[in-house]
Amino acid sequence: MFDATRPDHAAADHPKVKMGRVGILLANLGTPDDYSYWPMRRYLNEFLSDQRVIDYPKWKWQPILQGIILSKRPFSSGEAYKSIWNHDKGESPLMTITKDQTAKLRDAMQERYGDQVMVEFCMRYGNPSTKSKVREMVAAGCDRILFFPLYPQYAGATTATANDQFFRALMDEAWQPASRTVPAYFDEPAYIDALAGSVEKAYSALKTKPDVLVCSYHGMPERYLQQGDPYHCQCAKTSRLLKERLGWSDDQLVSTFQSRFGPEEWLKPYTVEHVAELARQGKKNIAVIAPAFSADCIETLEEINEEIKESFEEAGGQTFTYIPCLNDDDSHIGALGKVIEDNLKGWLD
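Nothing here was measured: the structure is a model prediction, and the numbers come from that model. (Residues numbered from 1 in each chain as written. Predicted model: local features only at pLDDT ≥ 70, side-chain atom pairs only at ≥ 80, totals over all residues. Heavy atoms only, no water.)

Looking at this model, I keep getting lost on the pattern of salt bridges. Mind explaining?
Side chains that carry opposite charge are capable of pairing whenever their charged atoms lie near each other. Taken as a whole and assessed by the stated rule, the structure comprises 24 salt bridges. For Arg 124, the salt bridge identified is with Asp 50, shortest N-O distance 3.2 Å. Within this pair, whereas Arg 124 is found in strand S2 (residues 117-126), its partner Asp 50 is found in the loop between helix H1 (37-48) and helix H2 (58-84), the two being separated by 74 residues in sequence. Assigned by exposure class, Arg 124 and Asp 50 land together as buried. (Salt bridge = Lys/Arg side-chain N within 4 Å of Asp/Glu carboxyl O. Helix = DSSP H or I, 4+ residues; strand = E, 2+ residues; numbered from the N terminus. Buried < 20%, exposed > 50% of the residue type's maximum accessible area, 1.4 Å probe, protein only.)

What follows is the structure, given as structure tokens:
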């Protein structure tokens, strides 16, 4: 049972060890603790020093990062975070939403499995750290951990680096729990249904029907695709399945990529440029959705709703509608719960 404090084969004087529970550890990208300079600098330093994110040689990249980028970017990024900050709770929207998602999933999983499960969340960068949550789960008796990166589509710079950090955390445990990582769920029917439902709900509330739906995915260097990263292909399949689920024609939905960084060619078309081109082509009313994000964050609330919207309107666009991420919507929680249950088979049935 989950409340056992001593292995069955241990001697009577063996130290008490909690065991028998299953940990479900959700993981998202991360967030600064505050939008002021030093918290922003710490967060950006951790994020941009990750070689899964920026894979240039350290001897070349670190002087640029430490000497140029981190002297200026914390100010501009801090202003962007300030514009979307949850001032009532003193945290970023991503933190607020991830807490809400975790609470709902905890209730759902405990209703399904009882106290056999422990549901928590961690961040790849910032707090709460992956290491601290793995330690907490082991201390609470989790001898099995299901690690769930909340990225529908796999990418080295998101899913893989989250898994890397999870495995590093396991290296510090004297008695490592058995572990599983949840694969990408880009084509999970319940996830596609949740996306389609959010589009249908948004469209039903609009007086003017959008000419096209832009599915804006986070970008990455095109070179990564050539090296074997499946992200681009999985994004394309998500868009195709969403279009089919909505019963739309090819010209009603387009896939684009945002958040370009550095001098390299990134996956195209670039969202910020393509929405302007749509306006110039006479597509004066568009909607934008971000299927690669499980929760609204700086890339959606600030980049899409401000920078990308501005690009569209300056090119002559008239109506710009941002469709929020699935966040803690019940349909999304149900889809994530389905993915979790599928991956717990053999551990908990």
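Additional details are given in the paragraphs that follow.
What exactly am I supposed to notice about the sheet that holds strand S4 (residues 178-181) here?
Adjacent strands of a sheet pair through backbone hydrogen bonds, lying either parallel or antiparallel. The strand order across the open sheet formed by 4 strands is S2-S1-S3-S4, and the pairing between neighbours is parallel. The open sheet has two edge strands with one neighbour each: S2 and S4. With strand direction ignored, the average angle separating the axes of adjacent strands in the sheet is 25°. Together, strand S1 (21-31) and S2 form the strand contacts of helix H3 (residues 93-113), whose direction differs from that of S2 by roughly 160°. (Pairing = 2+ DSSP bridges. Axes fitted to C-alpha atoms, helices over the stretch in contact; angles between N-to-C directions. Contact = heavy atoms within 4.5 Å.)

I'm lost on the nonpolar core in this one. Help?
Buried together is how nonpolar side chains tend to be arranged in soluble globular proteins. Residues Leu 26, Phe 148, Leu 213, Tyr 231, Ile 286, Ile 340 and Leu 344 are the most contacted members of the largest nonpolar core, which totals 73 residues. Sort the elements by how many residues they give to this core and helix H6 (residues 189-204) lands first, with 8 residues. In contact with Ile 286, not counting residues within four places along its chain, are Pro 210, Val 212, Val 214, Val 275, Leu 278, Phe 312, Thr 319, Phe 320 and Thr 321. Counting 34 residues, the second-largest nonpolar core is a separate cluster that includes Met 40, Ala 162, Phe 166 and Ala 169. (Core = buried A, V, L, I, M, F, W, Y, C linked by side-chain atoms within 4.5 Å.)

I'm lost on the sheet that holds strand S7 (residues 285-289) in this one. Help?
The strand order S6-S5-S7-S8 describes an open sheet built from 4 strands, whose pairing is parallel. Either end of the sheet is taken by a strand with one partner, and the two such strands are strand S6 (253-258) and strand S8 (319-323). Shown here is a sheet whose adjacent strand axes are inclined to one another by a mean of 25°, direction ignored. As judged from the 4 bridges shared by strand S5 (residues 212-218) and S7, these two strands associate in the parallel manner. Looking at the pairing, Val 212 lines up with Ile 286 of S7. Contacts from helix H10 (residues 298-314) reach S5, S6, S7 and S8 within the one sheet, and its direction differs from that of S8 by about 165°.

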